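# Survey of secondary and tertiary structure
Here is how the chains run, residue by residue.
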Amino acid sequence: MAHVRSLFFDGPLAEVENKALRSAQLGRPSDVIWNITNRCNLLCDHCYMAADGHAKPDQLSDDETIDLVRRMGDAGVPVVFLSGGEPMMRPNFWEILAEVNAQGVRPTISTNCTMIDAEAAKRLASYGVRWIATSMYGPAEFHDAMVGVPGTHARVVTAIKALRAEGVGVVLKTALSNGTWPYIFDIIGMAKELDCGLVYICDLITSGRSEGEDDSRVSVGQWRELADFVVSDMLDPDVTLEYDIGAIPSVIPYIAEQFIARGVDVSKGLERLKIMSACPVGKGHMNINSEGGIMPCQFAQDWVVGNIRDMSFPEATQALYQIDLQESEGQCAPEACEYSRICRGCRAKAWQRTGDYMAEDVTCILHPGEQRTIPAAPSAHAAPGSPCAVPGGCG
Ligand SMILES: C[S@@+](CC[C@H](N)C(=O)[O-])C[C@H]1O[C@@H](n2cnc3c(N)ncnc32)[C@H](O)[C@@H]1O
Ligand code: SF4
Ligand code: SF4
């Protein structure tokens, strides 16, 4: 994940990014993504968590969750993402949130928004929540089919309006695949229309219910088209939307190159990336699953380095920083790629593909090579109502 505007310029996440950066420089956790439950009230057909109506049998008890939040406070964690499953389905969700707030940790809730009405929006704001992140996959019929529950799209839109009315920032998230590609520019347009501050676009992760779906990933050409659009938006003085890109770190050096080609000074962003690379694995980024497992990345749920029940917070943090001492391999190695240390390639995809988390990232959009398994690009899509969907962007 990388916040493009806050990284290269000054964006809404600059303060949070600065805190994370400072924590990384101090060898502390920069941020924690915590799946507080695996239980969910939706059944999205792409879910990498394979979440359903059941909690994991060995999930942390209520007492353990509160204790864990206190340990995060003691360890100086600047920001925690409460995720899942559907985090709001955990019965002690509000108790966890109150403790996060009491510990001075900044909470963001990653939720499908089905449990947020006007009252819940008010309550979230009063519990110190400045951002929630919610998922959007396309128009109502498509979205509802994808999440498996009719009426969800309408509930998400209602929830976003209620949250914005309370001053809570909204991140509109989507998983980019051949299925959602036709709607991606409309989703960006929707984020702007609904006054969401940020859009998060994540490359398809092929695990959980997406296992074996490599052919559903969009092509290098499509990712470049989207990245060019982001660059144009960043240079448009009337647009303030922040973009976050997930699970495809090569988009960040690609965007840097596009800025440089247009005479934009990106030296500040490139310096920051030396500390906090585009793939955050090994940079103080910590993920904890509902059973207390410590993972370098939320997208690789089976890559676990220990359990928070058996490790102190500093031990878990140091175990994750160890990964950064290793160099990426193959095309992502320092001798092969000038962006090796600032990009690193997606370590979760390397793990899933080979079992070696330092292996090369074959989904690179900057140096797509012959070994790439990315499917050929369908014809470029022109999204109705989008400001520009032409390859090369609006600039
Ligand atoms: C696992 S969900 C948990 C939070 C909440 N239930 C939600 O859906 O927003 C977190 C995010 O992961 C995304 N996601 C799920 N499966 C994915 C996949 N296979 N590839 C990329 N993103 C995925 C979802 O779209 C969602 O935005
Ligand atoms: S993506 Fe989120 S809402 Fe959908 S099934 Fe997974 S956890 Fe539930
Ligand atoms: S080759 Fe690897 S490290 Fe270099 S830009 Fe591509 S994904 Fe990033």
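Described in the following lines is the structure provided in the data block. Remember, it's a predicted structure, so these values are computed and weren't measured experimentally.

## Section: the overall build of the protein chain
In terms of helices and strands, the protein chain carries 14 helices and 11 strands. The C-alpha atoms of the protein chain give a radius of gyration of 20 Å, which matches the 21 Å a tight globule of 395 residues would have. Judged by the C-alpha coordinates and their principal axes, the protein chain covers about 50 × 45 × 40 Å. Counting the 395 residues in the protein chain, one finds 53% classified as buried. Restricting the contact set of the protein chain to residue pairs at least 6 apart, pairs at least 24 apart contribute 71%.

## With respect to helix α3 (residues 62-75)
Helix length check: α3, at 14 residues, gives a terminal C-alpha distance of 20 Å against a target of 20 Å (1.5 Å per residue), a fit within 8%. Along α3, the residues that are buried comprise Thr 65, Leu 68, Val 69 and Met 72. End-on view of α3: buried residues confined to an arc of 100 degrees, all on one side of the axis. Pointing more than 90 degrees away from the buried face of α3 are the exposed residues Asp 63, Arg 70 and Asp 74. Of the surrounding secondary structure, the elements contacted by the buried residues of α3 are β2 (31-35), β3 (79-83) and α4 (93-102). Positive backbone phi, at 75 degrees, marks Gly 76, one or two positions downstream of α3.

## Section: the site of ligand 2
The environment of ligand 2 is made up of Cys 40, Leu 42, Leu 43, Cys 44, Cys 47, Met 49, Ala 51, Gly 84, Gly 85, Glu 86, Asn 112 and Val 147. For the shell around ligand 2, the per-class residue count stands at eight nonpolar, three polar and one charged.

## A short note on the environment of Glu 211
Residue position: Glu 211 is located in the loop between β7 (198-203) and α9 (220-234). Residue Glu 211 is classed as exposed on the basis of its 12 C-beta neighbours within 10 Å.

## What about helix α6 (residues 140-147)?
Restricting attention to buried positions, one finds in α6 the residues His 143, Met 146 and Val 147. All buried residues of α6 fall inside an arc of 90 degrees around its axis, so they share one side. Residues of α6 that are buried sit in contact with α7 (152-165). Two residues or fewer after α6 comes Gly 148, characterised by a positive phi angle close to 85 degrees.

## Observations concerning the environment of Ala 133
Here Ala 133 lies in strand β5 (residues 131-135). Judged by C-beta crowding, with 20 C-beta atoms within 10 Å, Ala 133 ranks as buried. Sequence spacing of Ala 133 and Ile 160 is 27 residues, and the spatial spacing of their C-alpha atoms is 9.7 Å. Residue contacts for Ala 133: discarding those within four places in its chain leaves Thr 108, Ser 110, Val 171, Lys 173 and Tyr 200.

## Some words on the site of ligand 3
Looking at ligand 3, there are 16 residues lining it, with Cys 332, Cys 337, Cys 343, Gly 345 and Cys 364 nearest. The class makeup of the residues in the shell around ligand 3 is eight nonpolar, six polar and two charged.

## Brief notes about the pairing of β5
Remember that side chains alternate between the two faces of the sheet whenever the strand is regular. Extensive coverage of β5 is indicated by the burial of five of its five residues. Residues Trp 131, Ala 133 and Ser 135 line one face of β5 and the alternating positions Ile 132 and Thr 134 line the opposite face, and both faces are buried. Pairing of strand β4 (residues 106-111) with β5 involves four bridges; the strand directions are parallel. Along β5, the bridge assignment pairs Thr 108 with Trp 131. Crossover handedness for the path β4 to helix α5 (residues 118-126) to β5: right-handed. The pairing of β5 with strand β6 (residues 169-176) spans five bridges and is parallel. Paired with Thr 134 across the two strands is Leu 172, which belongs to β6.

Cut-off values and rules
Residues numbered from 1 in each chain as written. Chains lettered and ligands numbered in written order. Predicted model: local features only at pLDDT ≥ 70, side-chain atom pairs only at ≥ 80, totals over all residues. Helix = DSSP H or I, 4+ residues; strand = E, 2+ residues; numbered from the N terminus. Rg over C-alpha atoms; globule rule 2.2 N^0.38 Å. Buried ≥ 20, exposed ≤ 12 C-beta atoms within 10 Å, placed from the backbone. Contact = placed C-beta atoms within 7 Å. Expected span 1.5 Å × (residues − 1). Arc of directions from axis to C-beta. Near = placed C-beta within 6 Å. Nonpolar A, V, L, I, M, F, W, Y, C, P; charged D, E, K, R; others polar. Pairing = 2+ DSSP bridges. Right-handed = clockwise from strand over helix to strand, strands pointing away.

Purely geometric stuff here, so don't read any function into it on its own.
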